Amino acid sequence: MIRLLLKTTRFLCVQGRQYSSDLGMFCYQCEQTRNNKFCTIPRGVCEKDPTVAALQDLLVEVGKRVATYANLGAGVGYANADVDRWLLDAYFSTLTNVNFDPKRFEIFMQEGGEMLKQARKGYFDACKKTNKTPETVVNGDWEFRPGIEVLAKEGRVYGIDKKKGDWNVTCIKELAQYGLKGGIAYLHHAMRLGYKDPEVYAETARLLSCLRKEMKLDEALKLALDVGAWNYRVTGLLDRANTGVYGNPEITEVRTTPVKGKCIVVSGHDLKDLALVLSQTEGRNINVYTHGEMLPCNAYPKLKKYKHLIGNYGGPWQRPVSYTHLRAHETRHDLVCRLLLEKKKKKKK
């Protein structure tokens, strides 16, 4: 399995090396890419455009620099909860199917500049208190410059086509980076439910900082395996968060066919989002369906207690929901959530 993943990652990385991000973007982050390979210009399958792609690349780079000082700080007893929170928020914003408002990324970048200063100062102050000589961080600083186009231009420097060095090492580091992104999403979910782990946050910073280092092939492989071990701890924290707040899942029969009436379909994998939708629609004659990875939510006691959680609709998350079946149950007065279908119609016109 590891060999297959590395082979696939290497193929896509080589494709990216042959493509210039100066002309648009190159993204192979998710399973929804065009032709199951990668997305370029003018937009990705997820509707991400080249500007947002460049902003995300820059935000990832800024995050690595913040993590570098956070990691060094941990070695001398320094920790900053604001830095930990920002790293989770920032990396979570670079995933697929998130809010692609460019202004949002500019704000994250502005915050990142401040977090970098805090992490750097905290590290140097801790070194002074412990009588240790601070390490020199090459290209560790970064200054925020306002303007979406200014930031996007800077971000294009960090496209996959700009990577240098041993290409096998680059591919494995890319694999590790996407593993970190996925795990950080789960840390973010746990954090929203009030579950945090400073030791896991410290390891997160260490792994992110390693992505900036020059490595040999065996070191890169060890990094990828370390990310796997870290992911195990992350999912354990998320499980404690989900079961601690919503109870232990029970064997539950789940309806998979729609019923007549207004409805909302909730996808993703954030239980708190579903809980908020359920609480805000209770008693409003609106049915709620889970989709894709949200299917297990129907088994959590404090979620299944809502009678308008009707069941699960559709297949896996990577297969977009078709609302045709749901629309067959509509009347003029009972409409269903069909935004994707209407969007497709407008495009055809």
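Residues numbered from 1 in each chain as written. Predicted model: local features only at pLDDT ≥ 70, side-chain atom pairs only at ≥ 80, totals over all residues. Heavy atoms only, no water.

Participant: If you had to explain the side chain of Gln-56 to someone new, which residues and values would you point to?
Facilitator: Tracing the backbone through its elements, the reader meets Gln-56 in helix H2 (residues 50-74). Not counting the four nearest positions on each side in its chain, Gln-56 is found in contact with Lys-48, Ser-93, Thr-94, Leu-95, Val-98, Phe-100 and Phe-105. (Helix = DSSP H or I, 4+ residues; strand = E, 2+ residues; numbered from the N terminus. Contact = heavy atoms within 4.5 Å.)

Participant: How would you sum up empty space enclosed by the protein? Please name residues and give values.
Facilitator: For the structure shown, the criterion picks out three cavities of 30 Å³ or more. Taken as a whole, the largest cavity spans an internal volume of roughly 340 Å³. Lining the largest cavity are 26 residues, with Phe-26, Asp-57, Tyr-158, Gly-159 and Tyr-178 positioned closest to its centre. Listed by contribution, the elements that provide at least two residues to the lining of the largest cavity are H2 and helix H6 (167-192). For the lining of the largest cavity, the element with the most residues is H2, which contributes eight residues. Of the residues belonging to the lining of the largest cavity, the class tally is 11 nonpolar, seven polar and eight charged. Computed from the structure, the second largest cavity encloses a volume of approximately 70 Å³. Of the residues belonging to the lining of the second largest cavity, the class tally is five nonpolar, four polar and one charged. (1 Å grid on protein atoms, 1.4 Å probe; cavity = no way out; pocket = protein on both sides within 12 Å on 5 of 7 lines; lining within 4 Å. Points joined across faces, edges and corners; volume = space filled by probe spheres on them. Nonpolar A, V, L, I, M, F, W, Y, C, P; charged D, E, K, R; others polar.)

Participant: Please provide a residue-by-residue account of the layout of surface pockets, values included.
Facilitator: Considered as a void within the structure, the second largest pocket measures approximately 920 Å³ in volume. Lining the second largest pocket are 29 residues, with Lys-173, Leu-211, Arg-212, Lys-213 and Glu-214 positioned closest to its centre. Among the elements of the structure, H2 and H6 are those that each provide at least two residues to the lining of the second largest pocket. If one sorts the elements of the lining of the second largest pocket by residue count, H2 sits on top with six residues. Residues that form the lining of the second largest pocket fall into these classes: eight nonpolar, eight polar and 13 charged.

Participant: Describe the pattern of salt bridges, listing the residues and the values that go with them.
Facilitator: For the structure on display, the rule yields 14 salt bridges. Linked by salt bridges that have partners in common, Glu-203, Arg-206, Lys-222 and Asp-226 make up one network. (Salt bridge = Lys/Arg side-chain N within 4 Å of Asp/Glu carboxyl O.)

Participant: Outline the packing of helix H3 (residues 81-92) against helix H4 (residues 102-129), supporting the account with residue identities and numerical values.
Facilitator: Contact geometry of H3 with H4 gives a least axis separation of 10 Å together with a crossing angle of 145°. Here the hand of the crossing between H3 and H4 comes out left-handed. In contact with Asp-82, Val-83, Trp-86, Asp-89 and Ala-90 of H3, H4 contributes Phe-108, Glu-111, Gly-112, Met-115, Gln-118 and Ala-119. Residues of the contact of H3 with H4, tallied by class, amount to six nonpolar, two polar and three charged. (Axes fitted to C-alpha atoms, helices over the stretch in contact; angles between N-to-C directions. Left-handed = near helix turned anticlockwise from the far one by under 90°.)

Participant: Go over the confidence of the model for the chain with me, naming the residues and quoting the values.
Facilitator: In low-pLDDT segments, the atomic positions of the prediction should not be examined closely. For the chain, the mean per-residue pLDDT works out to 84, and 82% of the residues sit at or above 70. Confidence drops under pLDDT 50 across residues 322-345; counting only partners more than four residues distant or on other chains, this segment forms 39 contacts. (pLDDT = per-residue confidence, 0-100.)

Participant: Give a detailed account of the sheet that holds strand S3 (residues 309-312), specifying residues and quantitative values.
Facilitator: Read from one edge of the open sheet, three strands run S1-S2-S3, paired in parallel fashion. Only two strands of the sheet have a single partner each, and these edge strands are strand S1 (263-266) and S3. Averaged over all adjacent pairs, the angle separating strand axes in this sheet is 25°, with direction ignored. Note that strand S2 (residues 287-290) and S3 share three bridges and pair parallel. (Pairing = 2+ DSSP bridges.)

Participant: Can you lay out the pairing of S2 for me, pointing to particular residues and giving the numbers?
Facilitator: Both faces of S2 are covered, namely the face carrying Asn-287 and Tyr-289 and the face carrying Val-288 and Thr-290. With four bridges joining them, S1 and S2 adopt parallel strand pairing. By the bridge assignment for S2, Cys-263 is matched with Asn-287. Of the crossover connections in this fold, the one passing from S1 over helix H9 (residues 271-281) to the parallel S2 is right-handed. (Buried < 20%, exposed > 50% of the residue type's maximum accessible area, 1.4 Å probe, protein only. Right-handed = clockwise from strand over helix to strand, strands pointing away.)

Participant: Tell me what's going on with the nonpolar core, and back it up with residues and numbers.
Facilitator: Nonpolar side chains tend to gather and get buried jointly when the protein is soluble and globular. In terms of nonpolar packing, the biggest core is built from 73 residues, with Trp-86, Trp-230 and Leu-303 touching the most fellow members. Secondary-structure elements contributing two or more residues to this core are H2, H3, H4, helix H5 (148-155), H6, helix H7 (198-210), helix H8 (217-246) and H9. In terms of residue count, H2 provides more of this core than any other element does, 12 residues in total. Filtering out sequence-adjacent residues up to four positions away, Leu-303 remains in contact with Tyr-246, Leu-271, Leu-274, Ala-275, Leu-278, Cys-297 and Leu-309. (Core = buried A, V, L, I, M, F, W, Y, C linked by side-chain atoms within 4.5 Å.)

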